[in-house]
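Spelled out, the chains give:
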Amino acid sequence: QVQLVESGGGLVQAGGSLRLSCAASGRTFSSYGMGWFRQAPGKEREFVAAISRSGGNTYTYYADSVKGRFTISRDNAKNTVYLQMNSLKPEDTAVYYCAARQNPSPIVATTERSYDYWGQGTQVTVSS
């Protein structure tokens, strides 16, 4: 069982930056693939970014809407995954969720059903 707790959300002006953190419980954090999703008001939850489990090369993958602006990373010593968000836009406003998956295949996953554990979410609001 893995528990995930997101933090770092808040209100920021367009063009600004935020860094989200997701702290995970448990001793096997490095064996989990991690992802970030978001849900805007009135919309379905959507994929944002993913990072592979540790061991060998590290792979990342991004939604087209955030590519070049967001960066996902992980610190296994701290059991934490990060989402650095730069050049924020009002359309990035959403609740952001961290998720963890045990299955190593595929290397990175973009669908909700691929993930086994979810955090409660943190609100990000970007004002114009």
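What you see is a predicted model; the values in this text were computed from it and never measured.

The next point concerns the state of the cysteines. Within the structure shown, the criterion is met by one disulfide. There is a disulfide in this structure between C22 and C98, and the S-S distance comes to 2.1 Å. As the torsion about the S-S bond is roughly -75°, the C22-C98 disulfide counts as left-handed. Residue C22 is located in strand β3 (residues 18–24), and its partner C98 is located in strand β9 (residues 94–101); the two are separated by 76 residues in the primary sequence. A relative accessible area of 0% places C98 in the buried class.

As a further point, take the side chain of T122. Here T122 lies in strand β11 (residues 122–127). Within the local environment of T122, its side chain forms a polar contact with the backbone nitrogen of G9, the two atoms lying 3.3 Å apart. The contact partners of T122, leaving out residues within four places of it in the chain, are E6, S7, G8, G9, L20, A94, V95 and Y96.

Take the pairing of β3 next. Summarising burial for β3: five of the seven residues are buried, a large majority. Alignment of strand β1 (residues 4–7) against β3, held across four bridges, turns out to be antiparallel. Looking at the pairing, E6 lines up with C22 of β3.

Attention now goes to the packing of aromatic side chains. With the rule as written, the count across this model stands at six aromatic pairs. When the ring of Y32 is compared with that of Y117, the centres are 6.2 Å apart and the planes differ by 70°; the resulting orientation is edge-to-face. Placement of Y32 in the loop between β3 and β4 (33–39) and of Y117 in strand β10 (residues 117–118) is noted, with a sequence separation of 85 residues between them. Chaining the aromatic ring pairs together yields one cluster made of F37, F47, Y61, Y115 and W118. The lysine or arginine in question, R45, covers the ring of Y97, its NZ or CZ lying 4.6 Å from the ring centre.

So, on to the pattern of salt bridges. For the structure on display, the rule yields five salt bridges. E112 is paired through a salt bridge with R45; the nearest N and O atoms lie 3.0 Å apart. Here E112, found in the loop between β9 and β10, pairs with R45, found in the loop between β4 and β5 (46–51); they are 67 residues apart in sequence, far enough to count as distant. Assessed through its relative accessible area of 25%, R45 is described here as partly exposed.

What counts as what
- One numbering rule holds for all chains: residues counted from 1, following each sequence as written.
- The predicted origin of the model limits local features to residues at a pLDDT of at least 70 and limits the giving and counting of side-chain atom pairs to 80 or more, whereas totals for whole chains, interfaces and linings rest on all residues.
- Side-chain figures throughout are based on the complete set of non-hydrogen atoms in the structure, without hydrogens or water.
- Any cysteine sulfur atom paired with another within 2.5 Å is treated as part of a disulfide.
- By the criteria applied, helices consist of DSSP H or I runs no shorter than four residues and strands consist of E runs no shorter than two, each listed in order from the N terminus.
- Only protein chains enter the accessibility calculation, which uses a 1.4 Å probe. A residue is then buried if its area is under 20% of the maximum for its type, exposed if over 50%, and partly exposed in between.
- Here a polar contact is taken to be a pair of N or O atoms separated by no more than 3.5 Å, where protein atoms must pair a possible hydrogen donor with a possible acceptor and residues adjacent in sequence count only if both atoms sit in side chains.
- Contacts were defined at the residue level, with two residues in contact if any of their heavy atoms lie within 4.5 Å.
- Here, strands pair whenever DSSP counts at least two bridges between them.
- Note on aromatic contacts: the rings of Phe and Tyr and the six-membered ring of Trp form a pair at centre separations within 6.5 Å, being stacked when their planes are under 30 degrees apart, edge-to-face when over 60 apart, and tilted otherwise.
- Criterion for a charge above a ring: Lys NZ or Arg CZ within 6 Å of the ring centre, and within 35 degrees of the ring normal.
- Each reported salt bridge corresponds to a side-chain nitrogen of Lys or Arg within 4 Å of a carboxyl oxygen of Asp or Glu.

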